[in-house]
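# Inside the fold
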Amino acid sequence: MKKLLFINQQNTDIKPVIEVLTLYFRDVKVLEYCNDINDAQDMIIELKPDIIIFAMDDFLPESGHLCLIIRKLGIQTIYIRDESKYEFFRNEGKATQIISYPFIKEQMIEALTFTVNCLRIDR
């Protein structure tokens, strides 16, 4: 069972992501939701998630530090980006997996499949 932590910096409605996880990824368990970026580092260290879904508006200073910690720990991460900012980050290769918001079901499935498959290969 893979453990997942949601970090929801922008208060995105993540119900569609939960629905996709429930239907297609039964081997992924949602551990917790973190709506305050200042609490995220402690939660990551305490819960040791395999996957983080990080809904963020921009790479703000406080989220930059958190992104470095996530990368250092080698946690597979999916970023949720506003649709108007999605293509820039996808084209620039700034994150491994990005889901645009509002959500597109096929995009969510693709990002989650890739992430779960990476975990199967890595560990």
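Residues numbered from 1 in each chain as written. Predicted model: local features only at pLDDT ≥ 70, side-chain atom pairs only at ≥ 80, totals over all residues. Heavy atoms only, no water.

### So, the nonpolar core
Counting 20 residues, the largest nonpolar core has Val 17, Leu 21, Ile 53 and Ile 80 as its most contacted members. At the level of elements, strand E1 (2–8), helix H1 (15–24), strand E3 (51–55), strand E4 (76–82) and helix H5 (105–122) are the ones that each hand at least two residues to this core. Residues within four places of Ile 53 in sequence aside, it is in contact with Leu 4, Leu 5, Phe 6, Ile 7, Val 17, Ile 78, Ile 80 and Leu 112. Residues Leu 5, Cys 34, Ala 40 and Ile 44 belong to the second largest nonpolar core, which totals 15 residues. (Core = buried A, V, L, I, M, F, W, Y, C linked by side-chain atoms within 4.5 Å. Buried < 20%, exposed > 50% of the residue type's maximum accessible area, 1.4 Å probe, protein only. Helix = DSSP H or I, 4+ residues; strand = E, 2+ residues; numbered from the N terminus. Contact = heavy atoms within 4.5 Å.)

### Observations regarding the environment of Phe 54
With respect to the helices, strands and loops of the structure, Phe 54 is situated in strand E3. According to the relative accessible area criterion, Phe 54 is buried, its value standing at 0%. Along the primary structure Phe 54 and Ile 78 are separated by 24 residues, whereas in three dimensions their C-alpha atoms are 6.2 Å apart. Here Phe 54 is in contact with Ile 7, Gln 9, Ile 37, Ser 63, Leu 66, Cys 67, Ile 70, Thr 77, Ile 78, Tyr 79 and Ile 80, once residues within four sequence places are set aside.

### Here's the deal with the pairing of E3
Taking burial as the measure, the five residues of E3 include five buried ones, the bulk of the element. Burial along E3 is two-sided: the residues Ile 51, Ile 53 and Ala 55 and Ile 52 and Phe 54 are all buried. Relative to E3, E1 is paired through five bridges, and the arrangement is parallel. Paired with Leu 4 across the two strands is Ile 51, which belongs to E3. Across five bridges, the pairing between E3 and E4 is parallel. Bridge pairing in E4 links Ile 53 to Ile 78. (Pairing = 2+ DSSP bridges.)

### A closer look at the pairing of strand E2 (residues 28–34)
Pairing geometry for E1 and E2, over six bridges, is parallel. Within E2, the residue paired with Lys 2 across the bridge is Val 28. The handedness of the E1 to E2 crossover, carried by H1, is right-handed. (Right-handed = clockwise from strand over helix to strand, strands pointing away.)

### Some details on the sheet that holds E2
Across the sheet, five strands lie side by side as E2-E1-E3-E4-E5; this open sheet has parallel pairing. The strands lining the two open edges of the sheet, one partner per strand, are E2 and strand E5 (97–101). Between one strand axis and the next, the sheet turns through 20° on average, direction left out of account. Each of E1, E2 and E3 touches helix H2 (residues 37–47); the most contacted strand, E2, lies at about 145° to it. (Axes fitted to C-alpha atoms, helices over the stretch in contact; angles between N-to-C directions.)

### So, a negative patch on the surface
A cluster of acidic residues, Glu 32, Asp 36, Asp 39, Asp 42 and Glu 46, forms a negative patch on the protein surface. Among the secondary structure elements, Asp 36 is positioned in the loop between E2 and H2. Owing to a relative accessible area of 32%, Asp 36 belongs among the partly exposed residues under this scheme. (Patch = residues over 30% accessible without salt bridge, like charges linked within 9 Å, V, L, I, M, F, W, Y side chains within 5 Å. Areas by Shrake-Rupley, 256 points an atom, 1.4 Å probe, with all protein chains shown as cover. Salt bridge = Lys/Arg side-chain N within 4 Å of Asp/Glu carboxyl O. Lys, Arg positive; Asp, Glu negative; His and termini not counted. Charge placed at Lys NZ, Arg CZ, Asp CG, Glu CD.)

### Brief notes about the packing of aromatic side chains
Overall, the coordinates contain two aromatic pairs when judged by the stated rule. Each ring, one from Phe 6 and one from Tyr 33, has its centre 5.5 Å from the other, and the planes form 15°; the classification is stacked. With a gap of 27 residues between them, Phe 6 in strand E1 and Tyr 33 in strand E2 connect regions that are remote in the sequence. We classify Phe 6 as buried; its relative accessible area is 2%. On the basis of relative accessible area, Tyr 33 is assigned to the partly exposed category, the value being 40%. (Phe/Tyr/Trp six-rings, centres within 6.5 Å; stacked < 30°, edge-to-face > 60°.)

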